[in-house]
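Overview (structure and organization)
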Amino acid sequence: MTSTPIDGAALLDEVEAFHRRFNVFPTEAAYVAVTLWDAHAHLLDCFDSTPRLAFLSPEPGSGKSRALEIVETLVPRAEATVNASPNALFRLVEAAEGRPTLLFDEIDTVFGPKAGDNEPVRGFLNSGYRRIGTMLRCVGDGANQSVQRFSSFCAVAMAGLGSLPDTILTRSVIIRMRKRAPNEKIEPYRQRLNEPQGHALRDRLAQWADSVREQVTDAWPELPEGVTDRPADVWEPLLAVADAAGGDWPARARAACLELVNAAHDNDEASLGVRLLTDLRDKVFCGADRMPTAVILEMLLALDDAPWGDVDDKPLNSRMLSKLLGQYVTPANKPIKPRGIRTPSGFPKGYYAEDLTDAWTRYCPPPPGKSATSATSATPQVSKGESVADAATAIRHTPAETATSTALAG
């Protein structure tokens, strides 16, 4: 007697509904992403990478631990921990029972400002994001030791206050939790009553996963336009799960992907340099070929809704500007630095657009009114031994720059 095939879309609907009973997530996209993540943990051997799931919030009492508790009932071989040692984590992953799904609550105690040195745990979480991830350890007694590789590849969900190291954030689906509003109601979670219900869904997810394992292993899901590099690695397993489930899950998954990837970019502290480059191109230079540092700072500090009035607790100054821009290079592959600018009233230090063009084309979004394709095509290409400096087009004086120079002279 053959068993009735499990409807994947309907099953994911039930898993999502189970979360909604006990969790208030900030967006609809979050429910989609977490549900797909639960299911992907049952298909881990089909993927080359596994995204981390991070429930983060600025304040306690935002539902992070409860979200992790519900995930725990739905994933295979759940192992909850607060502060496990790297050696314990390696042995859990290598256990004969199979790879665990690791659940880190209070992850801020591992990576927060008072956590101390946790580089081994960070290394474990980073390397275990990919199937090939391993870490080396010495095994044996005394002088009789040998080097052994331990796999670190496993699914990991985390919950904590504040943020996480950038190397982990970029490998994560980030759910930014918040306190429930008075009108947001959930059921109280009672472990003795509700955990078996979650486990029943977990067992059905495992059955469904077995039925689609071959399909998912060979899948190359289509990614939404603009989702590339690390975000593509993060979302490919979840999109593969959605495609295997069918129904409206493929469309919902891609919409959630775009929303959460864009939200992660909006909250990316590492993009301060890109914000500076973009503001210089679109709000300061505006076609001018050079600009004194004093004028650059005055114009940046005058921008509304810009971070330049409070960088490291003080307004942006010439030293900070030089440090931020010095991370990037000119078309000649040299750090961007201020240079002398001849003006009718003197010879102040400033920056030249020709030094910034390579960084603008490589790091900034397309200028307003231009497509990504046109911006990409404008990037100097290196071929047949030609240098970027040779390929770059010189920027000439423009009316905008002339107006700026006139204002300075006055």
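This structure is a prediction, so every number in the text was calculated from the model and none was measured.

**Overview of the pairing of strand 10 (residues 349–352)**
As judged from the three bridges shared by strand 8 (residues 290–292) and strand 10, these two strands associate in the antiparallel manner. Across the sheet, methionine 291 pairs through a bridge with tyrosine 351, a residue of strand 10. The pairing of strand 9 (residues 339–340) with strand 10 spans two bridges and is antiparallel. Along strand 10, the bridge assignment pairs glycine 340 with lysine 349.

**Re the packing of helix 1 (residues 8–22) against helix 3 (residues 64–74)**
Running from amino to carboxyl end, helix 1 crosses helix 3 at an angle of 150°, the nearest separation of the two axes being 10 Å. As judged from the angle between their axes, helix 1 and helix 3 are roughly antiparallel. Once helix 1 is placed against helix 3, the crossing between them reads as right-handed. Only Arg66, Ile70, Val71, Thr73 and Leu74 of helix 3 make contact with helix 1, whose side of the interface consists of Val15, Phe18, His19 and Phe22. In terms of residue class, the contact of helix 1 with helix 3 is built from six nonpolar, two polar and one charged.

**Overview of the packing of helix 11 (residues 272–285) against helix 14 (residues 353–363)**
The contact between helix 11 and helix 14 brings their axes to 10 Å, and the two run at 120°. Accordingly, the angle class assigned to the pair helix 11 and helix 14 is oblique. The two elements helix 11 and helix 14 cross, and the hand of that crossing is left-handed. Within the contact between the two elements, helix 11 uses Val274, Leu277, Leu280, Arg281 and Phe285 and helix 14 uses Ala353, Leu356, Ala359, Trp360 and Tyr363.

**Things to note about the pattern of salt bridges**
What the rule picks out here adds up to 17 salt bridges. For glutamate 16, the salt bridge identified is with arginine 252, shortest N-O distance 2.9 Å. Of this pair, glutamate 16 sits in helix 1 while arginine 252 sits in helix 10 (residues 249–266), placing them 236 residues apart in sequence. Between arginine 339 and aspartate 355 there is a salt bridge, with its nearest N and O atoms 3.0 Å apart. Here arginine 339, found in strand 9, pairs with aspartate 355, found in helix 14; they are 16 residues apart in sequence, far enough to count as distant. Given a relative accessible area of 32%, arginine 339 falls into the partly exposed group. Through salt bridges with shared partners, a single ionic network connects Glu16, Arg20, Glu28 and Arg252.

The rules behind each value
- Residues numbered from 1 in each chain as written.
- Predicted model: local features only at pLDDT ≥ 70, side-chain atom pairs only at ≥ 80, totals over all residues.
- Heavy atoms only, no water.
- Pairing = 2+ DSSP bridges.
- Helix = DSSP H or I, 4+ residues; strand = E, 2+ residues; numbered from the N terminus.
- Axes fitted to C-alpha atoms, helices over the stretch in contact; angles between N-to-C directions.
- Parallel < 35°, antiparallel > 145°, perpendicular 65-115°, else oblique.
- Left-handed = near helix turned anticlockwise from the far one by under 90°.
- Contact = heavy atoms within 4.5 Å.
- Nonpolar A, V, L, I, M, F, W, Y, C, P; charged D, E, K, R; others polar.
- Salt bridge = Lys/Arg side-chain N within 4 Å of Asp/Glu carboxyl O.
- Buried < 20%, exposed > 50% of the residue type's maximum accessible area, 1.4 Å probe, protein only.

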